[in-house]
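Spelled out from the first residue to the last, the chains are:
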Amino acid sequence: MFSPDGVVMICVDFADILAQTLPRNRHHFSRAVVVTHPDDHATIAVCQQNSVECLLTEVFYERGAEFNKYAALEMGLDYLGRQGWMLIMDCDIVLPDRIPEVFAPKAGCLYTPRRRDLRAWQNGILPDHLWKRYRYVNAREEFAGYFQLFHADDPVLKPRPWFGRDWRWAGTADTFFQRRWQANRQIRPPFEVLHLGIPYANWAGRVQPYGDGRIPEQAEERKQKYDTFLRQRTQIAGHDDRYQGEKIWTGLSE
């Protein structure tokens, strides 16, 4: 059964969901690291309970960022060593209990499975052979950062950093990352994954309710910032120019 050599996950203020996903996924990983904030003691505890390495950093909010997921992700990749088969995965993703034995990834490709959506995850999670009861998050979804599997020696990855360290929000960088591969090298593996919670909502930090029904203290403020950002992006012409507002412009080079 295939197992990646290194897995990086970002988890800040999502310990309740990580507590659901990590025990279900842990047997797939030979080595995994969860990157979180030093104040997120709940996430640190979940990692300790599941024998997963935890990397602490404050980079998420530095230089005026709302939630710089990708600077933290780059730290996780450096920590693991950027070698062999690498998996970038969100902490709200559940893998099937068994990866099909026919899955034999080839270097030079990017692999992202389709994901199904379970928003009411507090009510329990069906066995993976019943996941077809759940709808897709997006039937035409990108090869996005909720699950990106690739080989670190792929020639398309020679330019570094892979994702960049100057993003204001927890989005878009994975879109640019997937563009490194031609369309015929972006592959759907023979399995699907399950997403817990509300998709496309937490780019500025957690907005969705906790498992016990509580609302995050800054949820409304984060939602307003995110909605304003989306409106501004759609008003900017050009293919990639519209993403410039998502960068932290400090005059510093990578």
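For the structure, see preceding data.
In this report, we go over the structure that sits alongside the text.

1. Describing the environment of Gln20
Argument step 1. By secondary structure assignment, the location of Gln20 is in helix α1 (residues 15-25).
Argument step 2. Once the C-alpha coordinates of Gln20 and Leu196 are considered, the two residues, 176 residues apart in sequence, prove to be 9.1 Å apart.
Argument step 3. Look past the residues within four positions of Gln20 in its chain and what remains in contact with it is Trp121, Ile125 and Leu196.

2. Here's the deal with the environment of Ile215
Argument step 1. Secondary-structure assignment places Ile215 in the loop between β10 (193-196) and α5 (219-234).
Argument step 2. Taking relative accessible area as the criterion, Ile215 reaches 53% and is therefore assigned exposed.
Argument step 3. When neighbours within four sequence positions are excluded, Ile215 is seen to be in contact with Pro209 and Tyr210.

3. Here we look at unusual backbone geometry
Argument step 1. The omega angle of the peptide bond from Arg160 to Pro161 is 0 degrees, so this bond is cis rather than trans.
Argument step 2. If you trace the backbone, Pro161 turns up in the loop between β8 (147-151) and α4 (173-178).
Argument step 3. For Ser51, which is not glycine, the phi torsion reads 55 degrees and is therefore positive.
Argument step 4. On the accessibility criterion, Ser51 (59% relative accessible area) is exposed.
Argument step 5. The residue Thr172 is not glycine, and still its phi comes out positive at about 80 degrees.
Argument step 6. With respect to the helices and strands, the residue Thr172 is situated in the loop between β8 and α4.

4. A few points about the sheet that holds strand β5 (residues 93-94)
Argument step 1. What the three strands build is an open sheet, ordered β5-β10-β7; its pairing is mixed. The open sheet has two free edges, formed respectively by β5 and β7 (115-118), since each of these has just one partner strand.
Argument step 2. The pairing of β5 with β10 spans two bridges and is classified as antiparallel. Along β10, the bridge assignment pairs Val94 with Leu194.

Definitions and cut-offs
- Residues numbered from 1 in each chain as written.
- Predicted model: local features only at pLDDT ≥ 70, side-chain atom pairs only at ≥ 80, totals over all residues.
- Heavy atoms only, no water.
- Helix = DSSP H or I, 4+ residues; strand = E, 2+ residues; numbered from the N terminus.
- Contact = heavy atoms within 4.5 Å.
- Buried < 20%, exposed > 50% of the residue type's maximum accessible area, 1.4 Å probe, protein only.
- Pairing = 2+ DSSP bridges.

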